[in-house]
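# Architecture and fold: a report
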Amino acid sequence: MEFKNLVIIGGGPAGLAAAKSAYDSGERDILILERESELGGILNQCIHNGFGLHTFKEELTGPEYAQRYIDEINDRKIEYKLNTTVIDVSRDKIVTYVSSNDGLVEINAKAIIFACGCRERPRGAINIAGMRGAGVYSAGTAQKLVNIDGYMPGKEVVILGSGDIGLIMARRMTFEGAKVKAVIELMPFSAGLNRNIVQCLNDFDIPLHFSHTIVEVVGKDRVESVLVAKVDEKLNPIMETAFSIPCDTILLSVGLLPENELAKNASVELSNITGGAIVDDSMMTNVDGVFQCGNVLHVHDLVDFVSAESEVAGQCAVNYINGKARSAEKIEILTTNGVRYCVPEIILKDNEFKPLALKVRVANVFKKVKLQVLLDDNILISKNRAVVAPGEMENIALTSEQVQKLKTANKIEIKLVSEVL
């Protein structure tokens, strides 16, 4: 059995940022395990721009953003293994991986950072009626086919779901000569960023149908059309409103799921809301020395936020390895009145008064509200928001002084306040 101080599972933006931060915090015994043939993760197929505005103060494509961090890893000579699949992680931090070069290997790690990212929700999870003809893809699979492999999935496209990947692929398919007939969204609001609706749909006159869904896929050998219907307030299809859209391809952008099968094996407690681990303000899970960051923890809108969160995880993992004591006394953050979740969910009552970012997502679209953080029912932060939506995460940045107040409170609550709520 091998021994490592820090093992990072995943070589995407979260894993790379965590490794860089851990190295800069003084740790040298670091190993990144990545199942693909290159570092960079999902960014390698995201050839559109819009990345890096927060982190690098300039607009980059996905591969350019990834390369910035890959260069940092190489400059620091941080060890990584490609084409390497982790098949098990135990509660006592034994990492088992397999690769063609090394065979089956077990590593005893002092600390582990899960940075495994997320996967797309498949067709089988949404129960669409119809035959299993060719032409149904997840949006991410279509993105890889077009941007990396050089294949066009189809010519006439309907996209189900308005997640960011689906919106971006609407534009990408249009660029490549396909006709995107419509984007169909079950909810009365978009799951993606507003800027992507404007830039990827409105700019190309692609219709977006809210409160609609696909009720049937028509076509035996290949998709020929889809039957679309409006849904009621309980999200049940209203069949008398159904209409047909001819197409040969369907792209599914119906949600992302944090990749947490390995974390389950390690007895990590998962959130029923985010699908990721329940973590404290050091990004540590309920399992001592096991951390999470990035989309495996909760799905982010911007990779810049992934990087910032992961750098915190890397630094805190090094603190753990070095035996820095953490408080056993903790307080859970309550999310109420329109706020769906907050990460981290737990604050440890210790003397670490460093700046802290609370990542918050709301449950619906609300207008003219105040997003408030309350300590013992006293307002710590109140931010006016013209509009808040589930598709855009709220990032609440706390100063060191505010964190000190946070850690001396007996009750922490985050909520929306409005006359109409």
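What comes next concerns the included structure. Each chain has its residues counted from 1, following the order in which its sequence is written. Restriction of local features to residues with pLDDT of at least 70 applies here, the model being predicted, together with a cutoff of 80 or more for giving and counting side-chain atom pairs; totals for whole chains, interfaces and linings are based on all residues. Excluding hydrogens and water, the side-chain values take into account all heavy atoms of the structure.

Once that is clear, we can look at the state of the cysteines. A pair of sulfur atoms, both from cysteines and within 2.5 Å, is called a disulfide here. Under the counting rule described, the total for this entry stands at 0 disulfides. Distance from the sulfur of C342, which forms no disulfide, to the nearest cysteine sulfur (C316) is 15 Å. Type-normalised accessible area, obtained with a 1.4 Å probe on protein chains alone, sets the label of each residue: buried when under 20%, exposed when over 50%, and partly exposed for intermediate values. With a relative accessible area of 3%, C342 lands in the buried category.

Moving on, we get to the sheet that holds strand β8 (residues 129-130). What makes two strands pair is DSSP finding at least two bridges between them. To qualify as a helix, a DSSP run of H or I must reach at least 4 residues; to qualify as a strand, a run of E must reach at least 2; elements of each kind are numbered from the N terminus. Strand order in the open sheet made by the 4 strands is β8-β13-β14-β15, with mixed pairing throughout. Of all the strands in the sheet, the pair left with one neighbour each is β8 and β15 (237-246). Pairing between strand β14 (residues 225-231) and β15: 6 bridges, direction antiparallel. Bridging across to β15, K230 finds its partner in I238.

The next point concerns the sheet that holds strand β23 (residues 366-375). With mixed pairing, 5 strands are arranged side by side in an open sheet as β21-β19-β26-β23-β24. Edge strands, defined here as strands with exactly one partner in the open sheet, are β21 (346-348) and β24 (378-388). This sheet shows a mean twist of 20 degrees between the axes of neighbouring strands, independent of strand direction. Relative to strand β26 (residues 412-417), β23 runs antiparallel, the two sharing 6 bridges. Bridge pairing in β26 links L375 to I412. Working rule for contacts: check all heavy atoms of both residues, and any pair within 4.5 Å makes them a contact. Axes here mean lines fitted to C-alpha atoms, for a helix over just the part in contact, with angles spanning 0 to 180 degrees between N-to-C directions. Across the sheet, helix α8 (residues 400-407) lies against β21, β23, β24 and β26, angled at about 115 degrees from β24, the strand it touches most.

So, on to a nonpolar patch on the surface. Each patch is built from residues that are more than 30% exposed by relative accessible area and take part in no salt bridge. Like charges join if they lie within 9 Å; nonpolar side chains (Val, Leu, Ile, Met, Phe, Trp, Tyr) join within 5 Å. Throughout, the Shrake-Rupley method with a 1.4 Å probe supplies accessible areas, and for residues the shown protein chains are the sole cover considered. Salt bridge, as applied in this entry: a Lys or Arg side-chain nitrogen positioned within 4 Å of an Asp or Glu carboxyl oxygen. On the surface, a nonpolar cluster with roughly 270 Å² of combined accessible area is contributed by I87, V98 and L104. By the element assignment, V98 lies in strand β5 (residues 94-99). Here V98 falls in the partly exposed class, since its relative accessible area comes to 33%.

Take the buried Ala, Val, Leu, Ile, Met, Phe, Trp, Tyr and Cys residues and link them wherever side-chain atoms come within 4.5 Å; each set so joined is a nonpolar core. Formed by 61 residues in total, the largest nonpolar core has its most connected members in L6, I8, V89 and F114. Leave out the neighbours within four places in its chain, and V89 touches I9, I94, V95, I112, F114, L262, N265 and A266. One finds L356, V369, L375 and V403 within the second-largest nonpolar core, a separate group that totals 25 residues.

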